[in-house]
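Descriptive structure summary
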Amino acid sequence: IIMKRSAILLVLLMLTGSASATVKVFIEDVNGLAAIKYETTELEPVRAFALDITVDTGTIDAVSGYVVGESSAEKPGYGIFPASFARVISIDPNTGEVAAWDVNDYTPVAPAEDPGALAGLGTDGITLEMGALYAAEEDAPGLTGTLCLLQISEAATVSVELNVIRGGIVLNDATLAEAPELGSAIIDPQ
């Protein structure tokens, strides 16, 4: 009986362990810039991120190092920005294709006037919205990577939180990531 219970417990633990995928979003210092990084134990990449990034002193002044447009094998990443898409991206009405991805003001930073968004660049908090669009599995973003780089005005603790109002972290099957691990780090731009 003890052996049967042990076997059942082992099977349950294995099933529980394999069913509880984890998504982590964390900050790393990359030459004085705050790199917003992610990793997942999901078998498929995350589909979208809505994150609030804050600093405890100073301001977040610029965002760079992000992919723009559809993810591809040559340029994988999260280059669809829901908060800016409708405002600045043009769709060809005849083909349904995006006319051009490389346009001014197409950025992952949600405008401050959008519901639930933080104040934006030049303040102590921004809301990032980044999604992935790809045609084939080989074009998908990786299970780990860098979403973007942030330039901050002075040494500060940079923290990341979910922006649940704007979507949180959406998995490939359209469910929300449960209890993602979110981090912070001290970044010194000097």
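Heads up: the structure comes first, above all this text.
Counting starts from 1 at the beginning of each chain's written sequence and moves along it residue by residue. Under the rules for a predicted model, residues below a pLDDT of 70 receive no local features and side-chain atom pairs below 80 are neither given nor counted, while totals for whole chains, interfaces and linings still include all residues. The side-chain figures draw on all heavy atoms in the structure; neither hydrogens nor water molecules are used.

**Quick word on the packing of aromatic side chains**
Here a Phe, Tyr or Trp ring, Trp counted by its six-membered ring, pairs with any other such ring whose centre lies within 6.5 Å, and the pair is stacked when the planes are under 30 degrees apart, edge-to-face when over 60, and tilted otherwise. For the structure on display, the rule yields seven aromatic pairs. Measuring from centroid to centroid gives 5.4 Å for Tyr38 and Tyr78, while their planes differ by 85 degrees, and the two rings are edge-to-face. Here Tyr38 is found in strand 2 (residues 33-40), whereas its partner Tyr78 is found in the loop between strand 4 (60-64) and helix 2 (82-88), with 40 residues between them in sequence. Accessibility classification places Tyr38 together with Tyr78 in one group, the buried group. Under the scheme used here, helices are H or I runs from DSSP no shorter than 4 residues and strands are E runs no shorter than 2 residues, and both carry numbers assigned from the N terminus. Throughout, exposure labels follow a simple rule: accessible area from a 1.4 Å probe, protein chains only, divided by the maximum for the residue type, with under 20% read as buried, over 50% as exposed, and the rest as partly exposed.

**Looking at a negative patch on the surface**
Residues form patches when they are more than 30% accessible in relative terms and have no salt bridge. Like charges link within 9 Å. Nonpolar side chains (Val, Leu, Ile, Met, Phe, Trp, Tyr) link within 5 Å. Working definition of accessibility: Shrake-Rupley area with a 1.4 Å probe, residue cover restricted to the visible protein chains. Should a side-chain nitrogen of Lys or Arg be within 4 Å of a carboxyl oxygen of Asp or Glu, the pair is scored as a salt bridge. Working convention for charge: Lys and Arg count positive, Asp and Glu count negative, and His plus the chain ends are omitted. The location of each charge is read from NZ of Lys, CZ of Arg, CG of Asp or CD of Glu. A cluster of acidic residues, Glu44, Glu137, Glu138 and Asp173, forms a negative patch on the protein surface. Among the structural elements, Glu137 can be located in the loop between strand 5 (125-131) and strand 6 (144-152).

**Remarks on the pattern of salt bridges**
Scanning the entire structure with this criterion turns up five salt bridges. As a salt-bridge pair, Asp114 and Arg166 come within 3.1 Å of each other at their nearest N and O atoms. Pair noted here: Asp114 is in the loop between helix 2 and strand 5 and Arg166 is in the loop between strand 7 (156-162) and strand 8 (169-170), with a separation of 52 residues, a long-range link. Glu129 is paired through a salt bridge with Arg166; the nearest N and O atoms lie 2.3 Å apart. Here Arg166 lies in the loop between strand 7 and strand 8 and Glu129 lies in strand 5, a separation of 37 residues in the sequence. By relative accessible area, which is 5% here, Glu129 ends up buried. A single salt-bridge network, built from bridges that share partners, covers Arg87, Asp114, Glu129 and Arg166.

**Things to note about the environment of Pro141**
Following the sequence through the fold, Pro141 ends up in the loop between strand 5 and strand 6. In this structure Pro141 comes out as buried when scored by relative accessible area, which is 6%. A sequence separation of 66 residues divides Pro141 from Lys75, and the C-alpha atoms of the two residues are 8.5 Å apart. By definition in these notes, contact holds between two residues if any of their heavy atoms fall within 4.5 Å. When neighbours within four sequence positions are excluded, Pro141 is seen to be in contact with Tyr38, Pro45, Ser71, Pro76, Gly77, Tyr78, Ala132 and Tyr134.

**Here we look at the nonpolar core**
To qualify as a nonpolar core, a set must consist of buried Ala, Val, Leu, Ile, Met, Phe, Trp, Tyr and Cys residues joined through side-chain atoms within 4.5 Å. Core analysis: the largest hydrophobic core is formed by 38 residues, its most contacted members being Ile36, Phe49, Leu51, Ile53 and Leu150. Listed by contribution, the elements that provide at least two residues to this core are strand 1 (23-30), strand 2, strand 3 (48-55), strand 4, strand 5, strand 6, strand 7 and strand 10 (184-187). Here Phe49 is in contact with Val23, Val25, Tyr38, Tyr78, Leu128, Glu129, Met130, Leu147, Gly168 and Ile169, once residues within four sequence places are set aside.

This is a description of form; function is not addressed.
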